[in-house]
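Residue strings, one per chain:
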Amino acid sequence: MGPNLLLLWNYKLNLTTDPKFESVAREVCKSTITEIKECADEPVGKGYMVSCLVDHRGNITEYQCHQYITKMTAIIFSDYRLICGFMDDCKNDINILKCGSIRLGEKDAHSQGEVVSCLEKGLVKEAEEKEPKIQVSDLCKKAILRVAELSSDDFHLDRHLYFACRDDRERFCENTQAGEGRVYKCLFNHKFEESMSEKCREALTTRQKLIAQDYKVSYSLAKSCKSDLKKYRCNVENLPRSREARLSYLLMCLESAVHRGRQVSSECQGEMLDYRRMLMEDFSLSPEIILNCRGEIEHHCSGLHRKGRTLHCLMKVVRGEKGNLGANCQQALQTLIQETDPGADYRIDRALNEACESVIQTACKHIRSGDPMILSCLMEHLYTEKMVEDCEHRLLELQYFISRDWKLDPVLYRKCQGDASRLCHTHGWNETSELMPPGAVFSCLYRHAYRTEEQGRRLSRECRAEVQRILHQRAMDVKLDPALQDKCLIDLGKWCSEKTETGQELECLQDHLDDLVVECRDIVGNLTELESEDIQIEALLMRACEPIIQNFCHDVADNQIDSGDLMECLIQNKHQKDMNEKCAIGVTHFQLVQMKDFRFSYKFKMACKEDVLKLCPNIKKKVDVVICLSTTVRNDTLQEAKEHRVSLKCRKQLRVEELEMTEDIRLEPELYEACKSDIKNYCPTVQYGNAQVTSCFVIVKRFCAEADSKTMLQCLKQNKNSELMDPKCKQMITKRQITQNTDYRLNPVLRKACKADIPKFCHGILTKAKDDSELEGQVISCLKLRYADQRLSSDCEDQIQIIIQESALDYRLDPQLQLHCSEEISSLCAEEAAAQEQTGQVEECLKVNLLKIKTEMCKKEVLNMLKESKADIFVDPVLHTACALDIKHHCAAITPGRGRQMSCLMEALEDKRVRLQPECKKRLNDRIEMWSYAAKVAPADGFSDLAMQVMTSPSKNYILSVISGSICILFLIGLMCGRITKRVTRELKDRLQYRSETVAYKDLAWPQGVTGSPT
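Since this is a predicted model, take the numbers as computed values, not measurements.

Q: Sorry, what's going on with the overall build of the chain here?
A: Looking only at helices and strands, one finds 58 helices and zero strands in the chain. Here the chain, with 1015 residues, has 48% of them falling under the buried criterion. Split by element, the accessible area of the chain, about 53200 Å² in all, is 51% carbon and sulfur.

The structure is reproduced here in structure tokens:
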């Protein structure tokens, strides 16, 4: 360091210790020092006063004092040696860690920030090693974290990070105002961008690791959650930094409060969400993962550091898809999942969010973003056409861990925490018990879920529904059932290694029930017994049998308690012509499994349990039990016994079982085994069931059983978008709609509803059209424009609204759009047009690319679409989906139609007190820009159109103010003119009256015939 730099440093050092500067501080900050007792008690002349005020600068309200301390802060943080007490606490650690010279001869003043950075890295490294070679002293640890905390509001004060990220700050956060930790957060959000410099990314990671050790290093988190932490006793003030300071402890404590239904401020919850997402994105921020999973990461997951891919790679290994994972590593992963709690909000898991975005937009668009039911919705669509492969993998990887701790499913926890405490003796959300570990709680819940009233201590109805939902999900994959996977791991490898298709592993275990080890056999037996009582747990079977259930078993399917009725119904209707192959195979498999143990037939078990124990005590196989009981009934009948030994209810159920067994030879295993070779030789082409593919006629029967031939198509159109609708039938209905929309004359319902409106508004089109030519949708387009102007009759408006809604989802239903925009759709929206299911993607694409459209006729059609969307938000599916939650919250009382709900949303957007959902706000602003452009290109046709343009204009308030002002001025001018006119009229009237009175007087004074004048 040169003499000038040395002189400057000594000058700055004197600023922090000189009594004169302390006396200035005492004078400028007199009232502040009085309020902050710690600073008032500091000794004079040691620099402690200024340092104390720097520590508490966030609480300073005096303007002059705040300005003075801000300047002193900038001086102090320019060199670690100026920070009060830092040199004393970290002098030895600097030498041990070789973090630089502590002599005054340092070559570069800026390099002093590197010393602090070196100490921070040493502190972080120590936490990531089981047996660290070098340990930072406790005093220095506190000093390092204190310095990091003091620099948490302004990134300029973290000298190393400031110089490492100067260019990145300009690149990513140019418009972010410094202060209150805003620049830090902005840089954190862009940490994994490709253009982020490596040195800045490394500095940001170090700071994030410090936050993980002490949440106060994050200014925004500490500030936003301060009152909540105090309210729920999540930290203890004035105690040494300990586990209460760790980010994970803070998150767990506050999440526990949220899950218990306590009120945590929205600002704090927002900060928690950011930091939970941060922990899921970067595994290196969790020391436990580094400590326990280092070998697994290097072996299985090298090169997958970014955006949460490493954690999902480890999850994949845990699921047994790529090898084995150590118990400590698996426990560290489970702990991290609990800390971040992605089950409460799927967006915390960035890898899952990105992989499943398309599925959420199509299959779960009815659920608001961030709702915990999104994960449940994704599970419901597992192995369906809407699911994509990446989403399937990420979802099952996360669900593997959620299934191992019941608390990680927030809906289950909320609905069942009372039952779990009452029946399973559980503790708080973030507390565990050795007697009842997290994985055992769900087992306890489902044991109580199916108890009868006589057995007592049953679950509440809402908890039972959630238990059924979880069992439904677990039936999708045996790895989502912790007990089953744990006890049956060897048997799965031995008997079912080749059964890799969906749902095959459990079926395989059931087929080999007698070969399984005892523990596995018990679990599979209990699960099969549970399925016999409530077959709806078998999600894949229910999905396959949905058509037959809707047609023949819908009355028992809706029962709150199944009690085996649904499976009995499916068995009875197994040979209906509407039965599909998958359902028939699944039902038959369950029948075959039932033969292994009479307990697997719920109705038979409940009807004959006491009879079996009394008359057939050592028999387990159902076929043998049926033979035993049937023989007893036969003997009693032949011997004309006064009382049957088999109870009446059991005898009735025996008839059902015997009838089922005669229906399929495979249901008598011994007979089937004896005759298997003969069946193969003499009946090779004979099938065991009447499997047929479900036709569209089944859909007609399901949805429109009461419709006559005239209203059949209308009924099908209304039910076309139901998830139960057969895809082939849906395709046929769509083709029919396309045909109808080309010419209104092909749509009798529309023609009847609009018989007065069509000649009134579309007379010109009708006069030009020939009788033998199609109108190519011109009349319907004409009516759609009048709908936007709100001029149609109510019946016609209802029909046109349906057509607009349908065509907004499928561009093929708008002939004019398809005719005039075919080139634009091919060039600009080819990917959207090629989608298997149309959900408004093409229409949205054309709206977004409006400026790129060159053809005038196509541009006109797109402008018409925008005009229609103003009239009713329901005809804009993208906007309606984005704003569904806001409509419910802010516009629920507004009657739909005629643009009323759209106006309500516009007013909410203008109102600064109302906070709309980000997606809704973005879509509304996009629409306003589109409407503004449309207004410029296509001016208003009439007063109603002009009024609508004013109401949707971004300058609505200004325009209305000008109009109101003009009206007021005109009113005042009219008022003044009226007063003047009134005064002139009165004067003229008085004058005329005076003259008339004068004439009358003369007539009285001088009679006729007398000349002269009176004197």
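Q: Even after reading the chapter, I still don't get the packing of helix α21 (residues 350–363) against helix α23 (residues 389–402), so can you show me in this structure?
A: Any two packed helices are characterised by the angle at which their axes cross and by the distance between the axes. Following both chains from N to C, one finds α21 and α23 inclined at 130°, their axes separated by 8 Å at the closest point. Viewed along their axes, α21 and α23 adopt a mutual orientation that is oblique. Of the two elements, α21 crosses α23, and the hand of that crossing is left-handed. Across the interface between the two elements, Ala351, Leu352, Ala355, Cys356 and Val359 of α21 pack against Asp390, Cys391, Arg394, Leu395 and Leu398 of α23. Residues of the contact of α21 with α23, tallied by class, amount to eight nonpolar, no polar and two charged.

Q: Even after reading the chapter, I still don't get the pattern of salt bridges, so can you show me in this structure?
A: It is possible for side chains of opposite charge to pair when their charged atoms get near one another. Throughout the structure, instances matching the rule amount to 36 salt bridges. Residue glutamate 529 pairs with lysine 605 through a salt bridge whose shortest N-O separation is 2.7 Å. A residue pair is termed long-range when its members are at least 10 positions apart, and glutamate 529 in helix α30 (residues 518–533) and lysine 605 in helix α36 (residues 602–615) qualify at 76 residues. Close ionic contact of lysine 922 with aspartate 926 constitutes a salt bridge, the shortest N to O distance being 3.4 Å. Of this pair, lysine 922 and aspartate 926 are both found in helix α56 (residues 918–937), four residues apart, which corresponds to roughly one turn of the helix. Residues participating in the shared-partner salt-bridge network are Lys185, Glu271, Asp274 and Arg277.

Q: I tried to follow the environment of glutamate 610 on my own but got confused; where do I start?
A: Turning to its location among the elements, glutamate 610 is positioned in helix α36. Owing to a relative accessible area of 66%, glutamate 610 belongs among the exposed residues under this scheme. The spacing of glutamate 610 and cysteine 650 is 40 residues in sequence and 9.3 Å in space, taken between C-alpha atoms.

Q: Sorry if this is basic, but what is going on with the nonpolar core here?
A: Within soluble globular proteins, side chains that are nonpolar tend to cluster in buried spots. Of all hydrophobic cores here, the largest spans 103 residues; its most connected members are Leu247, Leu254, Ile289 and Leu378. Apart from residues no more than four positions distant in its own chain, isoleucine 289 is found in contact with Phe283, Arg294, Ile297, Leu314, Ala332, Leu333 and Leu336. Counting residues in hydrophobic clusters, the runner-up holds 33 residues, among them Leu817, Leu866, Cys891 and Ala934.

Q: Which parts of the structure should I look at to understand the state of the cysteines?
A: By definition, a disulfide links the sulfur atoms of two cysteine residues through a covalent bond. If you walk through the whole model with that rule in mind, you get 25 disulfides. In this model cysteine 29 forms its disulfide with cysteine 65; the gap between the sulfur atoms is 2.0 Å. Here cysteine 29 and cysteine 65 share a disulfide; its torsion about the S-S bond, 100°, makes the bridge right-handed. One end of the pair, cysteine 29, is in the loop between α2 (19–28) and α3 (30–35); the other, cysteine 65, is in helix α6 (residues 63–76), with 36 residues separating them in the sequence.

Q: I'm lost on the packing of helix α7 (residues 86–96) against helix α9 (residues 138–150) in this one. Help?
A: One way to put it is that α7 packs onto α9 with a least axis distance of 8 Å and a crossing angle of 120°. As judged from the angle between their axes, α7 and α9 are oblique. In the packing of α7 onto α9, the handedness of the crossing is left-handed. Between α7 and α9, the contacting residues are Phe86, Asp89, Cys90 and Asp93 on the first element and Leu139, Cys140, Ala143, Ile144 and Val147 on the second.

Q: So what exactly am I meant to see when it comes to the environment of aspartate 597 here?
A: Tracing the chain through its elements places aspartate 597 in the loop between α35 (581–594) and α36. Here aspartate 597 falls in the buried class, since its relative accessible area comes to 2%. Setting aside residues no more than four positions away along its own chain, aspartate 597 makes contact with Lys620, Lys621 and Lys622.

Q: Sorry if this is basic, but what is going on with α23 here?
A: Residues lying three or four places apart along an α-helix face the same way, a consequence of the helix completing one turn every 3.6 residues. Here α23 contains 14 residues, and its C-alpha end-to-end distance of 20 Å stays within 8% of the 20 Å for a straight helix at 1.5 Å per residue. Counted residue by residue, α23 has 10 buried out of 14 residues, so it is predominantly covered. Considered for burial, the residues of α23 that qualify are Cys391, Arg394, Leu395, Leu396, Glu397, Leu398, Gln399, Tyr400, Phe401 and Ile402. Those residues of α23 that are buried lie in contact with α19 (309–318), α20 (327–340), α21, α22 (373–380), α26 (461–474) and α27 (482–487).

Q: Even after reading the chapter, I still don't get the packing of aromatic side chains, so can you show me in this structure?
A: The relation between two aromatic rings is expressed through the spacing of the ring centres and the mutual angle of the planes. All chains considered together, the criterion is met by five aromatic pairs. Relative to tyrosine 162, the ring of phenylalanine 155 lies with its centre 5.5 Å away and its plane at 65°, an arrangement referred to as edge-to-face. Neither phenylalanine 155 nor tyrosine 162 differs from the other in exposure class; each is buried. On the basis of an interplanar angle of 50° and a centroid distance of 6.0 Å, the ring pair of phenylalanine 442 and tyrosine 446 is categorised as tilted. Of this pair, phenylalanine 442 and tyrosine 446 both sit in helix α25 (residues 438–449), four residues apart, which is roughly one turn of the helix. The exposure class of tyrosine 446 is partly exposed, given its relative accessible area of 22%. In textbook terms, an aromatic cluster arises when at least three aromatic residues are bridged by ring pairs, as seen for Phe155, Tyr162 and Phe163. Over the face of the ring belonging to tyrosine 184 we find arginine 207, whose NZ or CZ atom lies 4.3 Å from the ring centre. Directly above the aromatic system of tyrosine 400 lies the positively charged group of arginine 404, at a separation of 3.5 Å from the ring centroid.

Q: Is there a simple way to explain α35 in this structure?
A: Between the first and last C-alpha of α35 there are 20 Å, a value that for 14 residues agrees with the 20 Å anticipated at 1.5 Å per step. With 10 of 14 residues buried, α35 lies mostly within the body of the structure. Restricting attention to buried positions, one finds in α35 the residues Cys583, Ala584, Gly586, Val587, Thr588, His589, Phe590, Gln591, Val593 and Gln594. Measuring from the side-chain oxygen of the N-cap residue of α35 to the backbone nitrogen of lysine 582 gives 3.3 Å; that N-cap residue is asparagine 580.

Q: Help me understand the side chain of arginine 207, please; the structure alone is not making it clear to me.
A: Relative to the elements of secondary structure, arginine 207 occurs in helix α13 (residues 198–213). Assessed through its relative accessible area of 1%, arginine 207 is described here as buried. Within the local environment of arginine 207, its side chain forms a polar contact with the backbone oxygen of valine 217, the two atoms lying 3.4 Å apart.

Q: Whenever I open this one, unusual backbone geometry confuses me. Can you help?
A: Glycine aside, a negative phi is what most residues show, and trans is what most peptide bonds show. For lysine 98, which is not a glycine, the phi torsion comes out positive at approximately 55°. With respect to the helices, strands and loops of the structure, lysine 98 is situated in the loop between α7 and α8 (112–127). Unusually for a residue other than glycine, aspartate 341 sits at a positive phi of about 50°. Mapping aspartate 341 onto the fold places it in the loop between α20 and α21. The buried category is assigned to aspartate 341, whose relative accessible area is 1%.

Q: Teacher, can you tell me more about the confidence of the model for the chain here?
A: Interpreting fine coordinate detail is not advised for predicted regions of low pLDDT. Chain-level pLDDT for the chain is 78 on average; 77% of the residues reach the 70-or-more range. Counting interchain partners and residues more than four positions distant, the pLDDT-below-50 stretch residues 999–1015 has three contacts.

Q: Can you walk me through the environment of arginine 923 in this structure?
A: With respect to the element layout, arginine 923 can be found in helix α56. Between the alpha carbons of arginine 923 and cysteine 883 there is a distance of 8.4 Å; along the sequence they are 40 residues apart. Not counting residues up to four positions away in its chain, the partners in contact with arginine 923 are Glu844, Val878, Leu879 and Ala882.

Rules and cut-offs
- Residues numbered from 1 in each chain as written.
- Predicted model: local features only at pLDDT ≥ 70, side-chain atom pairs only at ≥ 80, totals over all residues.
- Heavy atoms only, no water.
- Helix = DSSP H or I, 4+ residues; strand = E, 2+ residues; numbered from the N terminus.
- Buried < 20%, exposed > 50% of the residue type's maximum accessible area, 1.4 Å probe, protein only.
- Areas by Shrake-Rupley, 256 points an atom, 1.4 Å probe, with all protein chains shown as cover.
- Axes fitted to C-alpha atoms, helices over the stretch in contact; angles between N-to-C directions.
- Parallel < 35°, antiparallel > 145°, perpendicular 65-115°, else oblique.
- Left-handed = near helix turned anticlockwise from the far one by under 90°.
- Contact = heavy atoms within 4.5 Å.
- Nonpolar A, V, L, I, M, F, W, Y, C, P; charged D, E, K, R; others polar.
- Salt bridge = Lys/Arg side-chain N within 4 Å of Asp/Glu carboxyl O.
- Core = buried A, V, L, I, M, F, W, Y, C linked by side-chain atoms within 4.5 Å.
- Disulfide = S-S within 2.5 Å.
- Expected span 1.5 Å × (residues − 1).
- Phe/Tyr/Trp six-rings, centres within 6.5 Å; stacked < 30°, edge-to-face > 60°.
- Lys NZ or Arg CZ within 6 Å of the ring centre and 35° of its normal.
- Polar contact = N/O pair within 3.5 Å; in protein donor to acceptor, adjacent residues only side chain to side chain.
- pLDDT = per-residue confidence, 0-100.

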